[in-house]
Amino acid sequence: MMLGDGAGDAVGEAQPGPGLRACLEAILLVVDEPVPEVVLAQVLERPREEIALDIAGLAASYAAEGRGFDLREVAGGWRFYTREECAPVVERFVRDGQEVRLTQAALETLAVVAYRQPVSRARVSAVRGVNCDGVMRTLTLRGLVEEAGTEHETGAILYRTTGYFLERLGLASLDELPELAPFLPDEVEDPDSAEEGIPGTDRALDTDRAADTDRAPDADRAPDTEIPQDPPGAGDAGDEHPAQ
């Protein structure tokens, strides 16, 4: 029995746990707010004086090594912060490196949904003149567009903009969307064809009425055959990827 107990102790000593500094680093990496020394002492079951000494040693070592982060005592506790000298790099990463821009095709599709909602994918494709299925999926995944029921006549899924869309544009409601007429060009070669299908114009309303009676059912039932497709490598083919 004595030999067995001794062997067990030897195994335990051969596999020591992480050191105090390693434990402090692990805890401080996951905290959302500064952690007081007394809390760290309670969690690690060590004297507060020992915790304070090791934390001060860690902070001094980071500063001496020129790390990109500091260990600072703020608001009665300790927490990791990026070093002040690295602020321009961090700011550029947060603002630009993680920003996902919509393609021109996605912006145009989003505008059609915003002004025609609730609207089916086939109707959006008819307005733009290209198949918009891939772009609509992208907008849905990004939380800018959502399903809004189905069309009674055809059963096609309808789409509308979301609250996140309003938040990103800084709008209180859809009533604050600008009128499109003032943004149309004053001089065009063929005003009727230029305005046809443009949201917010009288010509667009006439086109909708004609589509409802002649073409809308077929377009909604078979968008893949009735809607012109982009040639390979052009148009909406890259809508699933952020613009460079």
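To keep things clear, this report deals only with the structure shown in the data block. Note that residues are indexed from 1 along each chain, following the sequence as it is written. In keeping with the predicted nature of the model, local features appear solely for residues at pLDDT of at least 70, side-chain atom pairs appear and are counted solely at 80 or more, and the whole-chain, interface and lining totals rest on all residues. In computing side-chain values, all of the structure's heavy atoms are included and hydrogens and water are not.

**Topic: the overall build of the chain**
Here is step 1: Scanning the chain from N- to C-terminus turns up 12 helices and five strands.
Here is step 2: Three labels apply to residues, based on accessible area from a 1.4 Å probe with only protein chains included: buried if under 20% of the type maximum, exposed if over 50%, partly exposed otherwise in between. Per-residue burial for the chain yields a buried fraction of 30% across its 244 residues.
Here is step 3: In what follows, a contact means two residues having at least one pair of non-hydrogen atoms within 4.5 Å. Long-range contacts, defined as pairs at least 24 residues apart, comprise 49% of the intrachain contacts of the chain with a sequence gap of at least 6.
Here is step 4: Every accessible area reported is derived by Shrake-Rupley at a probe size of 1.4 Å, with residue values counting cover from the shown protein chains alone. Surface accessibility of the chain: about 15,900 Å² in total, with carbon and sulfur atoms responsible for 53%. Numbering of helices and strands starts at the N terminus; helices are DSSP runs of H or I of at least 4 residues and strands are runs of E of at least 2.

**Concerning the packing of helix α3 (residues 37-44) against helix α4 (residues 48-65)**
Here is step 1: Lines are fitted to the C-alpha atoms to define the axes, a helix being fitted only along its stretch in contact, and any angle between axes, read from their N-to-C directions, falls within 0 to 180 degrees. Remark: α3 packs on α4, axes separated minimally by 9 Å, with the N-to-C direction vectors making an angle of 110 degrees. Here α3 is positioned roughly perpendicular relative to α4, judged by the angle of their axes. As α3 runs across α4, the sense of the crossing is right-handed. For the pair formed by α3 and α4, the contact residues are Glu37, Val38, Leu40, Ala41 and Leu44 on the first element and Arg48, Ile51, Ala52 and Ile55 on the second. Comment on the angle field: the value is read as roughly parallel under 35 degrees, roughly antiparallel over 145, roughly perpendicular from 65 to 115, and oblique elsewhere. Crossing handedness: left-handed means the near helix sits turned counterclockwise from the far one by under a right angle, and right-handed means the same turn made clockwise.

**Side note on the nonpolar core**
Here is step 1: Buried Ala, Val, Leu, Ile, Met, Phe, Trp, Tyr and Cys residues form a nonpolar core when they are joined through side-chain atoms within 4.5 Å. The biggest cluster of nonpolar side chains holds 19 residues, and the ones touching the most others in it are Leu110, Val113, Val124, Met136, Leu139, Val145 and Phe165.
Here is step 2: Breaking this core down by element, the ones donating at least two residues are α6 (104-116), α8 (133-141) and α9 (163-169).
Here is step 3: Broken down by element, this core gets its largest block of residues, five residues, from α6.
Here is step 4: Setting aside its immediate chain neighbours within four residues, Val145 contacts Leu110, Val113, Met136, Leu139, Thr140, Tyr159, Arg160, Thr161 and Thr162.
Here is step 5: The next biggest cluster of nonpolar side chains, apart from the first, holds 17 residues, and it includes Cys23, Leu28, Ala41 and Trp78.

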